[in-house]
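A look at the structure
So you can see what is in the structure, the chains are spelled out below.
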Amino acid sequence: MLSLLRFAFSIPLVILAFSFQTESPTYGDSIRPILAKKCAACHYEGGSAPFPLQTYAQTKKRGDLVRLVSLTGQMPPTDATSDLGELTPHLALTPPELKVVQDWYRAGMPEGPKTPEILADLTSSGETTFDRFVAVGQGQSFPAEGRWARAVYALPSLGIRNLSGFTFKPLAPKAVRQAALAIQRKGEPIPFTSTGIRPGTLVATWAPGYYTWGASKACFPLETGDKLWLQVRAVPTGKVELAGGLIGFKSLGAGNLIKTKTLGTKDISIPAEAQIHLRDEWTLEEDIDLLSIFPESRFTTEQVRATAIENGQEKLLLVVLTWDAVWPGAYNFKNAVHLRKGTKIVWEALINNSRHGHFADGGKTKNVGFGPYSDNEIFWCHLQYVSRKP
Amino acid sequence: MILTSLLAISLMTGQMKPIPDKPLSPIHLKDVAGVSRTIPGASVATVLLFTATDCPIANRMSPVFGRIVKDFSAKGIEFIYVYIDPTQTPVQVAKHLIEYKLGAPGILDLKHVIVKATGATVTPEAVILDRVGMMLYRGRINDLFLEHGRARKAAIREDLRIALKEILAGKQVSVSQTPALGCSIPDFGL
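Figured I'd write up the structure that's included with this text. (Residues numbered from 1 in each chain as written. Chains lettered and ligands numbered in written order. Predicted model: local features only at pLDDT ≥ 70, side-chain atom pairs only at ≥ 80, totals over all residues. Heavy atoms only, no water.)

With respect to the sheet that holds strand β5 (residues 106-108) of chain B
All names here are of chain B. Here we have five strands laid out as an open sheet, ordered β5-β4-β3-β7-β8, and mixed in their pairing. For this open sheet the edge positions go to β5 and β8 (135-139), each flanked by a neighbour on one side alone. Pairwise comparison of adjacent strand axes, ignoring direction, gives a mean angle of 20° for this sheet. Pairing analysis gives three bridges linking strand β4 (residues 78-83) to β5, with the strands arranged parallel. Counterpart to Tyr-81 in the pairing with β5 is Gly-106. Sheet contacts for helix α3 (residues 62-73): β3 (45-51) and β4; angle to β4, the most-contacted strand, approximately 150°. Contacts from helix α4 (residues 90-99) reach β4 and β5 within the one sheet, and its direction differs from that of β4 by about 130°. (Pairing = 2+ DSSP bridges. Helix = DSSP H or I, 4+ residues; strand = E, 2+ residues; numbered from the N terminus. Axes fitted to C-alpha atoms, helices over the stretch in contact; angles between N-to-C directions. Contact = heavy atoms within 4.5 Å.)

What follows is the structure, encoded as structure tokens:
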């Protein structure tokens, strides 16, 4: 049953069995380049990951885990793939890369040529390009244990007309997994519900290791009286962590206006032990440039996928094969993706509410519906785009 | 298909070694505060808690460690944290003990004397020794983690607590060995 439901995303696993290599790969020649490309956005001193993977010694020390998490697809945690654009600098490992990791481990993790320390990949920090930083959440903290924590802050008025870039520097980089900015227009309710982001209110997002929001010349218009709210999500690390951090902003004089569209529904009901497939779609009424995709899903979700169907032709916009609810990342495309009028965007989630589900406890499961608690589920996907003159 | 078989291999090599049937010879080491410690100590049981400052799974277990230490120190059981990474410094360890509110002394096992004598393989892992050095328990703290990256909402079996209660009640430890899951302890060429 499950195999029928799984997105038939064709990783050519056979390559593993058919490519021969005479010499075993070394750290310097084969492993270091993979780490530099796919792990350095987080595994550096002071990064979001718990330890650095910047030198041979640091990597060898964790050799068996590096191998395990690569093979299981657990790392990089944001293992999304798209046929239409670059989403993050650290995509899933390719089959040949997996084979290299495996061969290197089996060969006893040889060092090979001496190489310099891998430099931190600061893709998601936006350090140099932001004009303004504002501090939030000072003096507050996240608890040491639990499943995840959430803090919501009302921001002071920034006096910005057109917001064009956003980044977040958490005080506790190892705990914080997401920051989302949403807007409250005059007379409207707070944009964050206990469940997630109220549809139509998302402004910008940040997550460790992802491209920063604001790569294109588009902006989000703010009017006097609009209020911005920030939601920060964190995982427990075992000690009390400081909440809050610095929000970085960029603004533009003028630019294409960013619009948002939420796919999905609140009307979900997942029977105990069931494995089901949720689907929603949206047909474009104009040409658009797609900037980002922000899935909101919880613990029974195993995989999510967005496809663009134009004239019967299907293209993969985004697939996350090992969805991890504590990595609620927003996928910002490095370059906007042009989609034509009439294209159908389909948003799907594979839900596994069986005792074998990824986040199940191994015991009997219960019926799951939409709701605010961590054992409820969500089926939302927020898209951000700009209209494009045909 | 191939992925699953690779995993199966890695799980098989993780089989448990039997716990030693002879007492460990006493180990004398200084903790990071400079105090001399003897393992096993003079109390009814000495618990060694294997950890590392940068293992996320061990770190997430810290609040559990803290509570167990508090509850059972009061009943006369001795606790020592064993830091397994010789590339770290006593200062780092001392800071870690405070930050994570661990509540017991810590030894930096520079030469893996304790690791080798006890056969600990991962962090977090616990070993219980009686007064004469017989091993009463070796394994996980509880079953919070099902596998890497997959934790239960809450632990179902509190293995270390159960073993300690049994010892205090003068009973034999019912499950003296459990598989520990976490960051494997590398040999660091030692």
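With respect to the pattern of salt bridges
All chains considered together, the criterion is met by 20 salt bridges over all chains. Here Asp-54 of chain B and Lys-61 of chain A are joined by a salt bridge, their closest N and O atoms 4.0 Å apart. Of the two residues, Asp-54 of chain B is situated in the loop between β3 and α2 (56-60) and Lys-61 of chain A in helix α4 (residues 56-61); the pairing between them involves two chains. Between Arg-340 of chain A and Glu-310 of chain A there is a salt bridge, with its nearest N and O atoms 3.9 Å apart. Linking Arg-340 of chain A in the loop between β18 (331-339) and β19 (344-352) with Glu-310 of chain A in strand β16 (residues 301-310), this pair joins segments that are 30 residues apart in sequence. (Salt bridge = Lys/Arg side-chain N within 4 Å of Asp/Glu carboxyl O.)

Looking at empty space enclosed by the protein
Taken as a whole, this structure holds five cavities of 30 Å³ or more when the rule is applied. The computed volume of the largest cavity comes to approximately 90 Å³. Along its surface, the largest cavity is lined by 13 residues, and Arg-62 of chain A together with Ile-84, Cys-183, Ser-184 and Pro-186 of chain B are the ones closest to its centre. Looking at the lining of the largest cavity residue by residue, the class counts come to seven nonpolar, two polar and four charged. (1 Å grid on protein atoms, 1.4 Å probe; cavity = no way out; pocket = protein on both sides within 12 Å on 5 of 7 lines; lining within 4 Å. Points joined across faces, edges and corners; volume = space filled by probe spheres on them. Nonpolar A, V, L, I, M, F, W, Y, C, P; charged D, E, K, R; others polar.)

Here we look at the state of the cysteines
All names here are of chain B. Using the criterion set out here, one finds one disulfide over all chains in the structure. With a sulfur-sulfur separation of 2.1 Å, Cys-55 is cross-linked through a disulfide to Cys-183. Handedness of the Cys-55-Cys-183 disulfide follows from its S-S torsion of about 85°: it is right-handed. Here Cys-55 is found in the loop between β3 and α2, whereas its partner Cys-183 is found in strand β11 (residues 183-184), with 128 residues between them in sequence. (Disulfide = S-S within 2.5 Å.)

Here we look at the side chain of Thr-178 of chain B
Residue and element names in this part refer to chain B. Looking at where Thr-178 falls in the secondary structure, it is placed in the loop between α6 (159-168) and β11. Assessed through its relative accessible area of 6%, Thr-178 is described here as buried. Among the polar contacts made by the side chain of Thr-178, one reaches the side chain of Tyr-137 at a distance of 2.6 Å. Sequence-distant contacts of Thr-178, defined by excluding residues within four places in its chain, comprise Met-16, Tyr-137, Arg-138, Gly-139, Arg-140 and Asp-159. (Buried < 20%, exposed > 50% of the residue type's maximum accessible area, 1.4 Å probe, protein only. Polar contact = N/O pair within 3.5 Å; in protein donor to acceptor, adjacent residues only side chain to side chain.)

Here we look at the pairing of strand β5 (residues 162-170) of chain A
All names here are of chain A. For β5, the buried fraction is high: eight of the nine residues fall into the buried class. As defined by bridge partners, β5 adjoins strand β8 (residues 218-221) across two bridges and the pair is classed as antiparallel. Across the sheet, the residue bridging to Asn-162 is Pro-221, located in β8. Sheet topology places β5 next to strand β11 (residues 245-251); seven bridges connect them, and they run antiparallel. Considered in β11, the bridge of Lys-169 is made with Leu-246.

A closer look at unusual backbone geometry
Cis geometry is found at the peptide bond from Ile-39 of chain B to Pro-40 of chain B, where omega equals 0°. By the secondary structure assignment, Pro-40 of chain B is in the loop between β2 (36-39) and β3. The omega torsion across Thr-123 of chain B and Pro-124 of chain B is 0°, close enough to zero to call that bond cis. Following the sequence through the fold, Pro-124 of chain B ends up in the loop between β6 (122-123) and β7 (125-130). One non-glycine residue, Glu-273 of chain A, lies in positive phi territory at about 70°. If you trace the backbone, Glu-273 of chain A turns up in the loop between β13 (269-270) and β14 (275-283).

Section: the nonpolar core
Core analysis: the biggest nonpolar cluster contains 37 residues, and Leu-290, Ile-293, Leu-317, Leu-318, Leu-339, Trp-347 and Leu-383 of chain A have the highest contact counts within it. Among all residues touching Leu-339 of chain A, those that are not within four sequence positions of it are Leu-84, Leu-284, Glu-286, Asp-287, Ile-288, Leu-290, Ala-308, Leu-317 and Ile-345 of chain A. (Core = buried A, V, L, I, M, F, W, Y, C linked by side-chain atoms within 4.5 Å.)

Some thoughts on the packing of helix α3 (residues 27-38) of chain A against helix α6 (residues 95-106) of chain A
All names here are of chain A. Viewed as axis vectors pointing N to C, α3 and α6 meet at an angle of 130°, and their least axial separation amounts to 10 Å. On the basis of the axis angle, α3 is oblique to α6. α6 is crossed by α3, and the crossing has left-handed handedness. Residues Tyr-27, Ser-30, Ile-31, Ile-34 and Lys-38 of α3 form the contact with α6, whose participating residues are Glu-97, Val-100, Val-101 and Trp-104. For the contact of α3 with α6, a count of residues per class yields six nonpolar, one polar and two charged. (Parallel < 35°, antiparallel > 145°, perpendicular 65-115°, else oblique. Left-handed = near helix turned anticlockwise from the far one by under 90°.)

Side note on the pairing of strand β15 (residues 288-297) of chain A
Residues and elements named next belong to chain A. Within β15, 10 of the 10 residues are buried, leaving the element largely enclosed by the surrounding structure. Of the pairings in the sheet, the one linking β15 to strand β21 (residues 379-387) comprises nine bridges and is antiparallel in character. For Ile-293, the partnering residue across the bridge sits in β21 and is Leu-383.

Re the sheet that holds β18 of chain A
Residues and elements named next belong to chain A. One open sheet accounts for eight strands, arranged β2-β11-β5-β8-β12-β21-β15-β18; its pairing is mixed. For this open sheet the edge positions go to β2 (132-136) and β18, each flanked by a neighbour on one side alone. Adjacent strand axes in the sheet meet at a mean angle of 45°, parallel and antiparallel pairs treated alike.

What about α4 of chain B?
Structurally, the α-helix is built with 3.6 residues per turn, so residues lying three or four positions apart point the same way. Residues and elements named next belong to chain B. Among the residues making up α4, those that are buried are Val-93, His-96 and Leu-97. Considered in projection along α4, the buried side chains sweep an arc of 100° and stay on one side of the axis. Those residues of α4 that are exposed and angled more than 90 degrees off the buried face are Val-91, Lys-95 and Ile-98. On the buried face of α4, the contacting elements are α2, β4 and β5. (Arc of directions from axis to C-beta.)

Regarding the packing of α3 of chain B against α6 of chain B
Residues and elements named next belong to chain B. Following both chains from N to C, one finds α3 and α6 inclined at 10°, their axes separated by 11 Å at the closest point. Regarding the angle of α3 to α6, the classification is roughly parallel. The segment α3 lies against α6, with Arg-67, Ile-68, Asp-71 and Phe-72 engaging Leu-160, Arg-161, Leu-164, Lys-165 and Leu-168. Its residues assigned to classes, the contact of α3 with α6 comprises five nonpolar, no polar and four charged.

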